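Secondary and tertiary structure notes
One-letter residues, chain by chain:
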Amino acid sequence: MADSYTIKMPQLSDTMTEGVVVSWEKNIGDKIERGDIVATVETDKAIMDVEVFREGFLSGPQAAVDSTIEVGGAMAFLVASADDVQGADAEAPAGAEDAGSVGKPEIEVAADIDVPEGIAHTIKMPQLSDTMTEGLVVSWEKAVGDKIERGDIVATVETDKAVMDVEVFREGYLSGPITAEDSTIAVGEAMAYLVDNADQVVDTQHSGSGGAAVVEAAASATPAVRKASTPMPAVNSNVTPAPRPDNKQATPYARQLAASLHVNLNTLHGSGPDGVITADDVRHAQPIERPTEIGAQVPAHVMPEIQVPGHGRDMTAMEKAVSHSMSASLTMPTFRVAINAKPGAIIKAAKAQGVSVTVAIAKACAVAMAKHPSINWAYQPVDKIVERDNIDIGMAVSADGGGLVVPVLRHCESRSLEELNESWGDLVGRARKRRLAPEEYANPTFMVSNMGMMGVSYFDAIPTPGTSAILAISAAGPEGMPLTITADHRVVNGAEVGMYLNTLKTAIEQPEDWMGPTGPAIPEGDWDYDVVVIGGGPGGEDCARDLAGHGIKVAMVNDAPFPGGECLWRGCIPSKAWRAAADRVRDRAHDAHLGVMGTNKAKLDWDALEATRRNVLETRGEMALKTDTGVKIDVIQGYALFESDHRIFVDTSTNSDNPHARTPLGDGSDGRHISFGCAVIATGAPPFVPPIPGAAEGVESGGVLTSDTVWGLDGVPKKLAVVGGGAIGVEMAQIFQDFGTKVTLFEAQDRILAEVEPEIAKHLTAILNDDPNLTIMTSTGLSSIKGKPGAMKLGYKDSDGKTHTQTVDYVIMATGKRPLLEPLQLDKAGIETENGVIKADARCRTNVPHIFAVGDVIGGLMLAHTAGQQGRVSAMTILGEDMQYDQDMDSGVIFSRPEAAFVGLSVEQAKAKGIDAVEVKMPMSIDAKAMITNETHGMIKIVADKATQRVIGVHYLADHADTLIGEGVMMVSGKMTLEQVANAIHPHPTQTEMFGEMARRLLSRLRRSKKK
Ligand SMILES: Cc1cc2nc3c(=O)[nH]c(=O)nc-3n(C[C@H](O)[C@H](O)[C@H](O)COP(=O)(O)OP(=O)(O)OC[C@H]3O[C@@H](n4cnc5c(N)ncnc54)[C@H](O)[C@@H]3O)c2cc1C
């Protein structure tokens, strides 16, 4: 039988050393496919399938049902062809791997009791946890003589931790000798029997360990499962099996024998598979000298047991388990570290979210462990550390009727608080009744003991082997709640535990960092306003409107007569008025393409354009003010500065002609003090003028214009220099080129539009350079600016380092924006800044819990809709709702021709975040609508996450991208899959059809590459 494959008894758990064949799911001679289940086996814990990952034909010799096979021993064979198949009782094939374990049924019988004839199966005390060595028969659920079906529960037993069902996976009749209820049986010992026929049933009872001696099977099995080389000694089953050895495995029988013979398993070398200690190893070992009388000499390596006068009662299973586990913990070199934490915030937060405080603290432990993972590791004998990612926290619960049970809350690192709370409720209920399954209390990775709820002012706890630390929580006193960790110094050191405790303290004291808002953020107090919003731009206005809409008393302080901020008065809206005029001029050039003649000599009336622009701004400003006051926002004109973290001064003593001065309006002689519960800073960011020699003087003289002052131009300049290739610079440069100005755009970096997808930005640069009046000069820095308005002279170095000069009418300085923080007196409120912006988190909270900051003043994408969204996020957070700003979903449009636009991530950005991203793109030149209107420049790209096939970014270089972006925004924010986009019915003929087409293409590509 050439090339046979041995189907071996698999090792299905760490503690499994052997398994019983429960059933064969395939017959000898059957064709076996990869992945077929050929048999089921019973391990020390459960019934499991045996899968085969090869093809072949099932062949003998085959282990009989009910036979016990050592882990790694042969159960049967797979052969290549049907002709090679051997019968179940055949000889082991030559050349096959050790087939010595193919066994016949092995039945353990108690030697001195009446054993029924025709035993089909021995019902043994199962080992239901790693620490279980014996169990107490609580009840018989079936009576002797009952017909038993596969899967029936015949009894319940009490382990060291819980009351468990004993299931039987065979058919037969329940037969005695049956162990009496309340008797204690060693793991593996017979509790009762199953016989094939009703007339074989024996109706007798015995009291478990009280007398029965367990013997190994007679060596008649062929080949024998356990080949005992030494005659079997009788084992005293009255004795509790020896504890598991520290650094290896031992068979249950070996442990039983070790206890009887007083052999220390830790000193033995295992000769079984993978070094498992067998009964044979025990038989050959030296017995431990046990002290027989008080005062006898105790060897140093054996723990002396202090004799106590009096008559002790037997420990319960649970007491014994605790005793053994705690004695084992004495091998751990532990130390203690303590810290105090104020529990008020987490108690409030847990109540607000309807979860138990215990679960919230467990989650806080896991949150802190993300930063200090070693607290969750464990020492493994010998000289190994188990580094684990799953955080499974064991927390003690008092069982009804006394004793402690420690259910384990699994995966605290990844499951939500709500999920954990639900699991905990279920676990606690069953733990109290001691009805937990082994996997629900086994192997915690960290433990928490809370005696605080009993008013205990201080205690420490003992970690059990398998964990490296336990947290003891005592009752809160004036200093807070003592948190004490007892830790295993082999795994963690004092500094690590100290740092962990500090992180845990923060997680407990500031639960909103990881739990989200824990209720309205407005502190109790007699404030003039619940919330003061400083700044009336998109950020401030959207925030104030949301708050007012929820009945909050809000003041919005703005240093201008009308709201709208930069966006309305100096940014988005005026620039789009100019862009609209430039579009009309530009589009005339395309008229001839469609045969419309005589319109290509467009002429701009500057005054008419400016009149329209001003009218739009003023109308919208008035509309905004009416809406704000209409929704009951107190709009206050003046410049606000902090006096404390609950008070501002609003300077209303205006001494400036410029209503949009962006600096304190007056000298503080007039104004009012306002107290507030919460404040939202939305003061924007004025244009930044870099320290180029002559630039500041140019701003002073009016020869250098910024986005604040360009609106004062009284006509279209002939020659213009734009400094800065960001969105504002690119828009301004092309608008004026369309108006007929000769424009040079200087950009110090090697590309324009840093926030735009690289390929899109590169193509746009080429298209802009094709505009007749526009030159883009990248990698070119200005070295000097001189002159007066109408005659400005620039010195610059090109990319080769050569110096040049250029004369222009004006310079537009578009070199970014920077918040003006100093006049706000942030230090009076203790507000922190970072790199020139106010530090704020995704909920727009500053470091001061009741002060928020939104929009340009916090940096990031300085865009109006970003500010608006952040304004709404801060309002929701103040109201106690859970909302965050996510830049990965944000979008933007650069109003050039064609327009560049983005939403979500580029492939480059996605990869930097560890996402396996893929893109599909389509040029506008193949689109019918684009061909008709001669708007064929550019492309659209869809970026998707390969794993989830969700759209995570859409990027555009296309005319009308300002409208087309809408669908991209919905795809990304709606987390749509490629399939959903592919199946959406897009109307024809529109450019939106391209989205469906691209999604289908990418799906097809992904399908094909997956096949390969
Ligand atoms: C030319 C140009 C074009 C733009 N185009 C677009 C575009 O097309 N799309 C887009 O999304 N974004 C565009 N932006 C950007 C957009 O204008 C800003 O991102 C947006 O206005 C920021 O909103 P904000 O609420 O943070 O601040 P702002 O709009 O700047 O509002 C802040 C307000 O607070 C006031 N203020 C400041 N300090 C105080 C104080 N201490 N007390 C009282 N009031 C104070 C300011 O005067 C101002 O009214 C453009 C910007 C410019 C310059």
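Just so it is clear, the structure is predicted and the values come from calculations on it, not from any experiment.

A look at the side chain of Ser-896
Its place among the elements puts Ser-896 in the loop between strand 46 (891-894) and strand 47 (899-904). Judged by relative accessible area, Ser-896 falls into the buried class, the value being 0%. A distance of 2.8 Å separates a polar side-chain atom of Ser-896 from the backbone oxygen of Pro-898.

With respect to the side chain of Thr-846
Relative to the assigned elements, Thr-846 resides in the loop between strand 44 (837-838) and strand 45 (851-853). We classify Thr-846 as buried; its relative accessible area is 8%. In this structure the side chain of Thr-846 is engaged in a polar contact, spanning 3.1 Å, whose partner is the backbone nitrogen of Val-848. Here Ile-851 takes part through its backbone oxygen, which lies 2.7 Å from a polar atom of the side chain of Thr-846. Beyond its immediate sequence surroundings of up to four residues, Thr-846 is in contact with Ile-831, Ile-838, Lys-839, Ala-840, Ile-851, Phe-852 and Ala-853.

Things to note about unusual backbone geometry
For the bond from Gly-60 to Pro-61, the omega torsion is 0°, close enough to zero to count as cis. By the secondary structure assignment, Pro-61 is in the loop between strand 6 (56-59) and strand 7 (68-70). Following Gly-176, the chain continues to Pro-177 via a peptide bond in cis, the omega torsion being 0°. Positionally, Pro-177 belongs in the loop between strand 14 (172-175) and strand 15 (178-179). We note that Asp-182 has phi near 80°; this positive angle belongs to a residue other than glycine. Counting through the fold element by element, Asp-182 comes out in the loop between strand 15 and strand 16 (184-186). Its identity is not glycine, yet Gln-825 carries a phi of approximately 55°, on the positive side.

Comments concerning the packing of aromatic side chains
Taken as a whole and judged by the stated rule, the model has 10 aromatic pairs. Between the aromatic rings of Trp-578 and Phe-736, the centroid separation amounts to 5.4 Å while the plane-to-plane angle is 75°, which identifies the pairing as edge-to-face. Of this pair, Trp-578 sits in helix 12 (residues 572-591) while Phe-736 sits in helix 15 (residues 727-739); the two residues are 158 residues apart in sequence, bridging distant segments of the chain. The class for Phe-736 is buried, based on a relative accessible area of 0%. Cluster of aromatic residues (ring-pair linked, three or more members): Trp-578, Trp-606, Trp-711, Phe-736 and Phe-739. The lysine or arginine in question, Lys-31, covers the ring of Phe-57, its NZ or CZ lying 5.4 Å from the ring centre. The ring of Tyr-529 has Lys-553 sitting right over it, with the charged end atom 5.1 Å from the ring centre.

Details of helix 10 (residues 538-549)
Given a rise of 1.5 Å per residue, 12 residues ought to cover 16 Å, and the 16 Å separating the end C-alpha atoms of helix 10 matches this to within 8%. Buried residues of helix 10: Gly-539, Gly-540, Glu-541, Cys-543, Ala-544, Leu-547 and Ala-548, and no others. The elements touched by buried residues of helix 10 are strand 29 (529-534), strand 30 (554-558), helix 13 (606-630), strand 34 (671-681) and helix 17 (864-879). The positive-phi residue at the C-terminal boundary of helix 10 is Gly-551, with phi of around 80°.

Remarks on a nonpolar patch on the surface
On the surface, Leu-594, Val-596 and Ile-932 cluster together into a nonpolar patch covering about 280 Å² of accessible area. Mapped onto the elements of the fold, Leu-594 is located in the loop between helix 12 and helix 13.

A short note on the confidence of the model for the protein
Detail in the predicted coordinates should be disregarded across regions flagged by low pLDDT. On average, residues of the protein score 86 in pLDDT, and 88% of them are at 70 or above. Considering only residues more than four positions removed or in separate chains, one finds that residues 288-302, a stretch of pLDDT under 50, has 13 contacts.

Details of the sheet that holds strand 10 (residues 134-140)
Taken together, the four strands give an open sheet; going across it, the order is 13-12-10-16, and neighbouring strands pair in antiparallel fashion. Edge positions in the sheet fall to strand 13 (163-168) and strand 16, since each of these pairs with one other strand and no more. Each strand axis lies, on average, 45° off the axis of its neighbour in the sheet, ignoring direction. Taken together, the six bridges between strand 12 (residues 152-158) and strand 13 define a ladder with antiparallel strand orientation. If you follow Ile-153 over to strand 13, its bridge partner there is Glu-167.

What counts and what doesn't
- Residues numbered from 1 in each chain as written.
- Predicted model: local features only at pLDDT ≥ 70, side-chain atom pairs only at ≥ 80, totals over all residues.
- Heavy atoms only, no water.
- Helix = DSSP H or I, 4+ residues; strand = E, 2+ residues; numbered from the N terminus.
- Buried < 20%, exposed > 50% of the residue type's maximum accessible area, 1.4 Å probe, protein only.
- Polar contact = N/O pair within 3.5 Å; in protein donor to acceptor, adjacent residues only side chain to side chain.
- Contact = heavy atoms within 4.5 Å.
- Phe/Tyr/Trp six-rings, centres within 6.5 Å; stacked < 30°, edge-to-face > 60°.
- Lys NZ or Arg CZ within 6 Å of the ring centre and 35° of its normal.
- Expected span 1.5 Å × (residues − 1).
- Patch = residues over 30% accessible without salt bridge, like charges linked within 9 Å, V, L, I, M, F, W, Y side chains within 5 Å.
- Areas by Shrake-Rupley, 256 points an atom, 1.4 Å probe, with all protein chains shown as cover.
- Salt bridge = Lys/Arg side-chain N within 4 Å of Asp/Glu carboxyl O.
- pLDDT = per-residue confidence, 0-100.
- Pairing = 2+ DSSP bridges.
- Axes fitted to C-alpha atoms, helices over the stretch in contact; angles between N-to-C directions.

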